[in-house]
Amino acid sequence: MEFNFSQILSTSMVLFAIIDILGAIPVVIELRKKAGHIESEKATIVATVLMIIFLFAGESLLKIIGLDVASFAIAGSFVIFFIAMEMVLGLTIFKEGDAPETVSIVPLAFPLIAGAGTMTTLLSLKTEYATQNIIIGIMLNMVFVYFVLKNTERLERLLGKSGLNVLRKAFGIILLAIAIKLFRNNTGL
């Protein structure tokens with residue numbers, strides 16, 4: 001088992017862009033207003049567990065359904081593409097229903113933090129990087145996610161609306177590039 005700093009950094013950056021917790025601050029604030037309170041610990045733990053389970057069992061689950069990782073990655077590249085388009089263009093393509101009592105789990109932990117894009121990215125990363133480096137990347141991101149969830153109101157005041165918009169658009173462009181890379185790597189184009 002070899003830890004590779006370069007792989008950990010790459011994995012962390014890719015997951016940071018796909019999870020996009022900074023870009024999700026406006027959504028988190030809205031969820032907090034609707035629910036009254038968000039359980040940051042619960043949301044972070046559930047998202048972390050979902051990602052690690054999918055990292056180990058995702059490929060087997062796909063085989064049971066009769067799919068290969070490349071097909072799932074291509075489908076995921078489309079999901080990531082549309083999420084990125086939402087961020088860059090300010091559109092709302094995906095709509096989530098939410099009940100106040102479960103908001104920390106659905107839609108916050110899943111699918112906002114550990115959604116289809118994240119799961120697809122994990123499977124794609126697994127084809128390129130060592131599992132232990134991906135797990136460290138997940139853990140680093142989850143520490144950051146927890147910090148952001150705990151300090152959402154403070155970050156909102158610090159960054160302001162325009163700062164949040166700039167972050168959201170910048171991470172949207174990064175996600176577009178990731179979506180295109182995933183598509184190209186798995187189609188051979």
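Basis of the calculations
- Residues numbered from 1 in each chain as written.
- Predicted model: local features only at pLDDT ≥ 70, side-chain atom pairs only at ≥ 80, totals over all residues.
- Heavy atoms only, no water.
- pLDDT = per-residue confidence, 0-100.
- Helix = DSSP H or I, 4+ residues; strand = E, 2+ residues; numbered from the N terminus.
- Expected span 1.5 Å × (residues − 1).
- Buried < 20%, exposed > 50% of the residue type's maximum accessible area, 1.4 Å probe, protein only.
- Contact = heavy atoms within 4.5 Å.
- Polar contact = N/O pair within 3.5 Å; in protein donor to acceptor, adjacent residues only side chain to side chain.
- Core = buried A, V, L, I, M, F, W, Y, C linked by side-chain atoms within 4.5 Å.
- Phe/Tyr/Trp six-rings, centres within 6.5 Å; stacked < 30°, edge-to-face > 60°.
- Patch = residues over 30% accessible without salt bridge, like charges linked within 9 Å, V, L, I, M, F, W, Y side chains within 5 Å.
- Areas by Shrake-Rupley, 256 points an atom, 1.4 Å probe, with all protein chains shown as cover.
- Salt bridge = Lys/Arg side-chain N within 4 Å of Asp/Glu carboxyl O.

**Here we look at the confidence of the model for the chain**
- The predicted model of the chain averages 85 in pLDDT, with 95% of residues at 70 or higher.
- Within the chain, helix α7 (residues 131–150) carries the highest mean pLDDT (96), whereas helix α2 (residues 25–35) carries the lowest (77).

**Comments concerning helix α1 (residues 5–19)**
- Here α1 spans 21 Å end to end across 15 residues, near enough to the 21 Å set by a 1.5 Å rise per residue.
- Those residues of α1 lying buried are Q7, I8, T11, S12, L15, F16, A17, I18 and I19.
- Considering only its buried residues, α1 is in contact with α3 (40–65), α4 (69–89), α5 (104–113), α6 (116–128), α7 and α8 (152–187).
- With a side-chain oxygen positioned 2.8 Å from the backbone nitrogen of S6, the residue opening α1 is N4.

**A look at the nonpolar core**
- With 48 residues, the main nonpolar core has I19, M51 and I113 as its most contacted residues.
- At the level of secondary structure, the elements contributing two or more residues to this core comprise α1, α2, α3, α4, α5, α6, α7 and α8.
- Broken down by element, the residue count for this core peaks at eight residues, all from α8.
- Leaving out residues up to four positions away in the same chain, M51 has contacts with I19, I113, A114, T118, M119, L122, I138 and M142.

**A short note on unusual backbone geometry**
- Phi at D20 is positive, roughly 50°, even though this residue is not glycine.
- When you line up the elements, D20 lands in the loop between α1 and α2.
- Exposure remark for D20: the relative accessible area of 6% places this residue in the buried category.

**Describing the packing of aromatic side chains**
- Across all of its chains, the model carries four aromatic pairs by this definition.
- With a centroid separation of 5.7 Å and 70° between ring planes, the pair formed by F78 and F183 is classed as edge-to-face. Taken together, the residues F78 in helix α4 and F183 in helix α8 connect sequence positions 105 residues apart.
- Residue class for F78 comes out partly exposed when judged on its relative accessible area of 43%.
- Judged by relative accessible area, which is 27%, F183 ranks as partly exposed.
- Measuring from centroid to centroid gives 6.5 Å for F144 and F147, while their planes differ by 35°, and the two rings are tilted. Linking F144 with F147, this pair stays in helix α7, spanning three residues, or about one helical turn.

**Side note on a nonpolar patch on the surface**
- Taken together, L61, I64, I65 and L67 make up a surface patch of nonpolar side chains, about 430 Å² in accessible area.
- The class of I64 is exposed, set by a relative accessible area of 70%.

**Regarding the pattern of salt bridges**
- This structure, assessed with the given rule, holds two salt bridges.
- For E39, the salt bridge identified is with K42, shortest N-O distance 3.7 Å.
- Of the residues examined, E39 reaches a relative accessible area of 33% and is grouped as partly exposed.
- Look at K42 and you get partly exposed, because its relative accessible area is 38%.
- The salt bridge involving E41 is made with K150; its shortest N-O contact spans 3.1 Å. One end of the pair, E41, is in helix α3; the other, K150, is in helix α7, and 109 residues separate them in sequence.
- Among the residues examined, K150 registers a relative accessible area of 44% and is labelled partly exposed.

**Remarks on the environment of N141**
- Of note, N141 is situated in helix α7.
- The class for N141 is buried, based on a relative accessible area of 5%.
- Separated by 31 residues in the primary sequence, N141 and F110 place their C-alpha atoms 15 Å from one another.
- Reaching out from N141, the side chain makes a polar contact with the backbone oxygen of S12 at a distance of 3.1 Å.
- Separated by 3.2 Å, the side chain of N141 and the backbone nitrogen of F16 make a polar contact.

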